[in-house]
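Structure assessment
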Amino acid sequence: MKNIEQLNFEDKRVIVRVDFNVPLDENYNITDDTRIRAAMPTINKVINDGGMLILMSHLGRPKKNPDEKYSLKHIVNYLGQVIGKEVIFADDCMKAAEKIAAMKAGDVLLLENLRFYAEEEGKVRGIEKEEEGYDEAKKALKESQKEFTKTLASYADYYVNDAFGTAHRAHASTALIADYFDADHKMCGFLMGKEVEAIDKVMKDIKRPFTAIMGGSKVSTKIDIIENLLNKVDNLILCGGMTYTFKKALGGNIGKSICENDKLDLALSLLQEAKDKGVNLVLAEDAVVADNFSNDANTMVVDPMDIPEAYEGMDIGPKTREMFGDVIRSSKTILWNGPCGVFEFDNFANGSRAIAEAIVEATKNGAFSLIGGGDSVACINKFDMANDVSYVSTGGGALLEAIEGKELPGIAKLKD
Ligand code: AMP
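Residues numbered from 1 in each chain as written. Predicted model: local features only at pLDDT ≥ 70, side-chain atom pairs only at ≥ 80, totals over all residues. Heavy atoms only, no water.

1. Here's the deal with the site of the ligand
What counts, and what does not: One heavy atom suffices: a residue is near a molecule or strand as soon as one of its heavy atoms comes within 4 Å of it. Side-chain atoms alone can form a polar contact between residues adjacent in sequence; in general such a contact is a pair of N or O atoms within 3.5 Å, and within protein one must be able to donate a hydrogen while the other accepts it. Values of accessible area rely on a 1.4 Å probe in the Shrake-Rupley scheme; residue burial ignores everything except the protein chains shown. Lys, Arg, Asp and Glu make up the charged group, whereas Ala, Val, Leu, Ile, Met, Phe, Trp, Tyr, Cys and Pro make up the nonpolar group; the residues left over, Gly among them, are polar.
Near the ligand there are 14 residues, and of these Ser 217, Lys 222, Gly 313, Glu 344 and Asp 375 occur at the shortest range. One nitrogen or oxygen atom from the main chain of Gly 241 is found 3.3 Å from a nitrogen atom belonging to the ligand. With the chains in place, 81% of the 510 Å² that the ligand exposes on its own is no longer accessible. Along the lines of polarity and charge, the residues of the shell around the ligand split into five nonpolar, six polar and three charged.

2. Observations regarding the pattern of salt bridges
Rules: A pair is scored as a salt bridge if a Lys or Arg side-chain nitrogen falls within 4 Å of a carboxyl oxygen belonging to Asp or Glu.
Counted under the stated rule, the structure contains 19 salt bridges. Across the pair Asp 33 and Arg 37 runs a salt bridge, and its minimum N-O distance is 2.8 Å. Among the charged side chains, a salt-bridge network with shared partners connects Arg 115, Glu 121 and Lys 123.

3. Overview of helix H12 (residues 350–364)
Definition in use: Secondary structure elements are defined from DSSP: runs of H or I of at least 4 residues count as helices, runs of E of at least 2 residues count as strands, and each element is numbered from the N terminus. Helix span is expected to be 1.5 Å times the residue number reduced by one. Remark: exposure states derive from per-residue accessible area (1.4 Å probe, protein chains only) relative to the maximum for the residue type, with buried under 20%, exposed over 50%, and partly exposed in between. When checking whether two residues touch, look at their non-hydrogen atoms; a contact exists if any pair is within 4.5 Å.
In this model, H12 (15 residues) spans 21 Å end to end at C-alpha, consistent with the 21 Å of a helix rising 1.5 Å per residue. Residues of H12 that are buried: Gly 351, Ser 352, Ala 354, Ile 355, Ala 356, Ala 358, Ile 359, Val 360, Ala 362 and Thr 363. Close packing links the buried residues of H12 with strand S7 (210–214), strand S14 (312–316), helix H11 (318–329), strand S15 (333–337), strand S16 (368–371) and helix H13 (375–382). Taken from the residues just after H12, Gly 366 is the one with a positive phi, measuring 105 degrees.

4. Re unusual backbone geometry
The peptide bond linking Asn 65 to Pro 66 adopts the cis configuration, its omega dihedral lying at -5 degrees. Mapped onto the elements of the fold, Pro 66 is located in the loop between strand S2 (52–56) and helix H3 (73–83). Of the consecutive residues Arg 208 and Pro 209, the connecting peptide bond is found in the cis state with omega at 0 degrees. Note on placement: Pro 209 falls in the loop between helix H7 (190–203) and S7. With a phi close to 65 degrees, Tyr 28 is a non-glycine residue in the positive phi region. Tracing the chain through its elements places Tyr 28 in the loop between strand S1 (13–17) and helix H1 (34–38). Of the residues examined, Tyr 28 reaches a relative accessible area of 27% and is grouped as partly exposed.

5. Some words on the sheet that holds S16
Condition: In short, DSSP must find at least two bridges between two strands for them to pair. Between the N-to-C directions of two axes lies an angle of 0 to 180 degrees, each axis being a line fitted to C-alpha atoms and, for a helix, fitted only over the stretch in contact.
Judged by pairing direction, the sheet is parallel, and its six strands sit side by side in the order S10-S8-S7-S15-S16-S17 without closing on themselves. Whereas interior strands pair on both sides, the edge strands pair on one side only; in this sheet they are strand S10 (280–282) and strand S17 (391–392). Bridge count between S15 and S16: four bridges; the pairing is parallel. Within S16, the position partnered with Thr 333 by the bridge is Phe 368. Along the sheet, H12 makes contact with S7, S15 and S16, crossing S15 at roughly 155 degrees.

6. Here we look at the side chain of His 74
Examined against the element boundaries, His 74 turns out to sit in helix H3. We classify His 74 as buried; its relative accessible area is 16%. Sequence-distant contacts of His 74, that is, excluding residues within four places in its chain, are made with Leu 24, Tyr 28, Glu 68 and Lys 69.

7. Section: the domain arrangement of the protein chain
What counts is decided by this rule: As annotated, the domain borders come from an automatic or database domain assignment. Once two parts are put together, the accessible area they lose, assessed with a 1.4 Å probe and summed over both, is termed the buried area.
Entries for the protein chain in the domain assignment read domain 1 (2–190) and domain 2 (206–403). Its C-alpha centre places domain 1 at a distance of 36 Å from the equivalent point of domain 2. The partner domain 2 presents seven residues to the four residues of domain 1 that form the contact. Interface area for domain 1 against domain 2, summed over the two sides, is near 460 Å², with a carbon-plus-sulfur share of 69%. Put simply, domain 1 and domain 2 have zero salt bridges between them. Inspection of the region where domain 1 meets domain 2 yields zero residue pairs in polar contact (both at pLDDT 80 or more). Residues that form the side of domain 1 that touches domain 2 fall into these classes: two nonpolar, two polar and no charged.

8. Let's talk about helix H6 (residues 134–154)
The terminal C-alpha atoms of H6 lie 30 Å apart, and with 21 residues this matches the ideal 30 Å at 1.5 Å per residue to within 8%. Residues of H6 that are buried in the fold lie against S1, S2, strand S4 (108–111) and helix H5 (118–121).

9. Quick look at the sheet that holds strand S5 (residues 158–161)
Reading across the sheet, the six strands line up as S3-S4-S2-S1-S5-S6 and stay open at both edges, with parallel pairing between neighbours. The strands lining the two open edges of the sheet, one partner per strand, are strand S3 (87–90) and strand S6 (186–188). Taken over all neighbouring pairs, the strand axes of this sheet differ in orientation by 25 degrees on average, direction set aside. For S5 and S6, the ladder comprises three bridges, and the chain directions are parallel. Residue pairing for S6: Tyr 159 is matched across the bridge by Lys 186.

This is the structure:
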């Protein structure tokens, strides 16, 4: 894989997979342009080198071709404003050859939504897996996917993948296309490069002590991550809704708290595994409980092993805030995924805020901190602390799969 910084794209055609899957309101105005801005370093590099930039992305989950609601034409003007030059639009990603041939140095072209074609994802449309004809349709799609991918690859001299959010998908534009470029002609964009570097800091080049904070609602969705982290971390803080599955497994009374009753044995085996591996697994010692799942509920602070029948755990208590904070502040590498309480309600956001504050303090003292995975990003943004941690990942699912220890096809294919 080439390093994008070492290349000069002058007079070259460069196809860049970006993630322009931006939220749009009912009038097709972009309501959050973070993803467009995140792609700007790569976009600017190609333009400033005097290359010809071909951008490709998906938007939403269209099921037909074309699908007005998911057309990338809605973002063309805005993109042009951000880039500071006109963006040429190819309204069919498979019929763009002529427009691309006419491009001049410094031109920018955006292909229409790749997912208008089923070939992008390689998912059969209109027939369910169990239905007759599915296998034939799948086979035919596999063949036509090769043509689709080849056509995209034919547009350019270089392939750059800057869409970290889809790096865990082996789609035509995110992975398969890389097979059509040799190692010197494919690479990560700047955003993808930063994500990979951040992941390496928590998965490979770890400065110790390493603390992972895993929160969120359920343990079942985080099992693989927890298992993998038990091989890496010194401290594992488990918090949020999953706390109560652990407390119940340990014989506690958890009242109305969220609990996965079929995961009690799993909880006990994770506790044992942590012990066997010498990992300091930290659980809450006090909880803010409420008589209702609402911001204005009546609350009290209790031992999470002894929650009254009519109450449910909503956040960590003051003692636990201190305890978690101490562990975090003494760490050199920190990974945070998932809030430790129902942070959407202000009255139950104090625990997550305390975690964020401790991470910021540790970061100031030289620790590397990575925040990622849907709700933790929302959390750190709510507290306005995103600029005070080392890195906030832009890719929820992709980051989680990387932490599970899985190889991401979008990155692996660049190395072949
Ligand atoms: P996840 O998508 O699994 O990361 O879960 C994030 C969600 O977990 C957030 O919406 C939080 O409100 C929720 N959550 C955190 N703590 C609790 C809790 N004690 N009870 C119920 N939900 C919680």
